[in-house]
Amino acid sequence: MSKTITISPVTRIEGHAKITIHLDDKGDVADARFHVNEFRGFEKFAEGRLLWEMPGITSRICGICPASHLVTSAKAGDSILAVEIPETAEKLRRLLTLAQWLQSHALSFFHLSSPDFLLGFDSDPATRNVFGLIAANKELARRGIRLRKFGQEIIEILGGRRIHTPWTVPGGVREPLNEEKRNSMLNWIPEAKETVLLALDTIKQVHKKYQKEIPEFGNFRSLFVGLVSADGGMEYYDGTIRIMDGAGNLIADKIDPKSYFDYFGEAVEPWSYLKFPYYKPLDYPQGMYRVGPLARVNICDYIETPLAEAERKEFKKLGGRVGVVNNSFYYHYARCIEMLFAVEKIEQLLHDPAIVGDNIRAQAAINRFEGIGCSEAPRGILFHHYHVNKDGVIQNANLIIATAQNNLAMNRTVQQIAIAFIDGKKGKISEGILNRVEAGIRCYDPCLSCSTHALGQMPLDIQLLDVNGNVLDEVRR
Amino acid sequence: MKPVLVIGYGNTLRSDDGAGVRAAEIIAQRMNDINVLCVHQLTPELAESLAEASLAFFLDAEVGSTTLTVSTLTPQSNDSNASPHSMNPQSLLAMSLALYGSAPKTTYLIGIPAYDLRFSETLSSETSKWIEPAVEKVISLIQSFLS
């Protein structure tokens, strides 16, 4: 008789989810599914609102990466206004985007995933949290908080508040940056760099410690998708789309983000509110791809800042002969490399005289009825696609969110971990197994509030089901 | 370093849930030399500010209450679900103590009655009438402390 295991709710992720593990009649794991069971419908209620309101509205999708929605929405607006924004405005938006990466990655690495790394997958769940982390490594916990605060302070200084600032607008940004505020940001750089280097050192120790787990944490070939600059460098604000396969072959390159719908489709399954984007030429579900830090570090030819570039070269060695890292556990390592890049690049931008310029907004009326904005959010490539009427009223909005684009890969990861670690014949889920499955999901740092546009809760459920769908065991926390 | 910290928290898009934020904004207008923070939710970064304060206030909306409530808080780190997104005041105090070795000597939680949590950027009339008493209570406690 086959069975199903359910993990519900999944903890230390952004949103509410459930995992079911399905056993066959021999008691072996036959399938595993990552269910996202929240829905909010931002795309629908954006209809009828003015284009200029969209950055402010869509930033409300998420309390973690509102700045990414702000920037991407404003870029869709730029396209509809048919303007090229001033140099200062672009550099300020770039600064905001990197600050968003930094604060989101710091949260993921130091607070959501470090309890697993430092306390162990089998440690007492009552202490496997931020307090356990403080007890185990106070300095790391304190530095993580400070690093996140640095990212938030940049966002607050630029936009006037830490989250949901309406600072970016179609055509540019609302307020310039002055010298005094620039200098206050620069004061953070040495400490931020030290902290990220500590994070890199920590993750390398984690790699040695978890040699048994790592090979089973989403280790499979897939496509990788992200933005690169004109000459193939790591890109986060502009650029073109590159698609690489798990063997390092360029499947497509220099794709204009405005033609994303020619390449990517969205499938739905009846058991999840989270859509399943796929690469159309390979069809569903073979067109599985990954986005975010692992993809970005894999696909780029170089990183423009020296310390991050040196780390990228180290990272590529993990990919062996093909130089592509296919194991999702290394999302954490890629995330640390991106934090280092963000700190270095923020420093460069702040030293650029144009960053304190006062020409920050191009003014125009509605010149197109359709616009697509694209940027790299912390979790991966993000699209905002709007249709407007002649008055700038939104007729239709489509948001393709990074977490959703990892949905097929997250399901595959859960399945792989379940097969490796769950003994279905026992009909029970041990705490250590539960946490390994959750930790597999946390590699992707999924933001379900964004991806389903859902109200954020943090819990996770796991259910164990037999072949007839009967619940044999259920764990909730 | 300012010895008094006031944290108003809540979602200002959910009507009365923003009561703590509203009261904190008024306190900031009326008092100098105190540190007032208005936030959506309690996050770990606040621990550093708490560590620098001798007297702290958390101003929150309280559903089901019909009167202003004033209670003192002590650090408690037994929240196994402590999340970097949504900590409670006691956990935050405990984090301040654990990370920085200090926490405010006295911490108050001021609960403002909340009646309507639907989508709105304004407070209900019932909750609005509790804002001024909350502000006066906090200012009174601060003045006693400073004197």
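Read on for a plain summary of the structure. The structure displayed is predicted, hence computed values, not measured ones.

### What to know about the overall build of chain B
Next up, step 1: Counting its regular elements, chain B contains four helices and five strands.
Next up, step 2: Its helices and strands taken in sequence order, chain B reads β-α-β-α-β-β-α-β-α from the N to the C terminus.
Next up, step 3: For 147 residues, the compact-globule estimate of 2.2 N^0.38 gives 15 Å, and chain B sits close to it at 14 Å.
Next up, step 4: Across the 147 residues of chain B, 51% fall into the buried class.
Next up, step 5: Sequence-distant contacts, at least 24 apart, represent 77% of the contacts inside chain B between residues at least 6 apart.

### Side note on the packing of helix α4 (residues 87-119) of chain A against helix α6 (residues 138-159) of chain A
Residue and element names in this part refer to chain A.
Next up, step 1: Between α4 and α6, the least distance of the axes is 8 Å, while the angle of their chain directions is 160°. Accordingly, the angle class assigned to the pair α4 and α6 is roughly antiparallel. Note that α4 runs across α6; the crossing there is left-handed.
Next up, step 2: When grouped by side-chain class, the residues that make up the contact of α4 with α6 number 17 nonpolar, seven polar and one charged.

### Structural notes on the pairing of strand β1 (residues 4-9) of chain B
All names here are of chain B.
Next up, step 1: Taking burial as the measure, the six residues of β1 include six buried ones, the bulk of the element.
Next up, step 2: With five bridges joining them, β1 and strand β3 (residues 55-63) adopt parallel strand pairing. Considered in β3, the bridge of Leu5 is made with Ala56.

### A closer look at the packing of aromatic side chains
Residue and element names in this part refer to chain A.
Next up, step 1: Under the counting rule described, the total for this entry stands at 22 aromatic pairs over all chains.
Next up, step 2: Taking the centre distance of 5.8 Å and the plane angle of 65° together, the rings of Tyr236 and Phe341 count as edge-to-face. Here Tyr236, found in the loop between β6 (223-228) and β7 (240-244), pairs with Phe341, found in helix α12 (residues 331-351); they are 105 residues apart in sequence, far enough to count as distant. We note that Tyr236, like Phe341, is buried.

### A look at the pattern of salt bridges
All names here are of chain A.
Next up, step 1: Throughout the structure, instances matching the rule amount to 36 salt bridges over all chains.
Next up, step 2: The partner of Glu90 in a salt bridge is Arg94, and the shortest N-O contact between them spans 3.0 Å. Taken together, the residues Glu90 and Arg94, both in helix α4 and four residues apart, mark about one turn of the helix.
Next up, step 3: On the accessibility criterion, Glu90 (25% relative accessible area) is partly exposed.
Next up, step 4: Residue class for Arg94 comes out buried when judged on its relative accessible area of 14%.
Next up, step 5: Note that Arg312 and Glu309 form a salt bridge whose closest N and O atoms lie 2.8 Å from each other. With Arg312 and Glu309 both in helix α11 (residues 306-317) and three residues apart, the pair spans about one turn of that helix. For the residue pair Arg312 and Glu309, the accessibility class agrees, reading buried in each case.

Cut-off values and rules
Residues numbered from 1 in each chain as written. Chains lettered and ligands numbered in written order. Predicted model: local features only at pLDDT ≥ 70, side-chain atom pairs only at ≥ 80, totals over all residues. Heavy atoms only, no water. Helix = DSSP H or I, 4+ residues; strand = E, 2+ residues; numbered from the N terminus. Rg over C-alpha atoms; globule rule 2.2 N^0.38 Å. Buried < 20%, exposed > 50% of the residue type's maximum accessible area, 1.4 Å probe, protein only. Contact = heavy atoms within 4.5 Å. Axes fitted to C-alpha atoms, helices over the stretch in contact; angles between N-to-C directions. Parallel < 35°, antiparallel > 145°, perpendicular 65-115°, else oblique. Left-handed = near helix turned anticlockwise from the far one by under 90°. Nonpolar A, V, L, I, M, F, W, Y, C, P; charged D, E, K, R; others polar. Pairing = 2+ DSSP bridges. Phe/Tyr/Trp six-rings, centres within 6.5 Å; stacked < 30°, edge-to-face > 60°. Salt bridge = Lys/Arg side-chain N within 4 Å of Asp/Glu carboxyl O.

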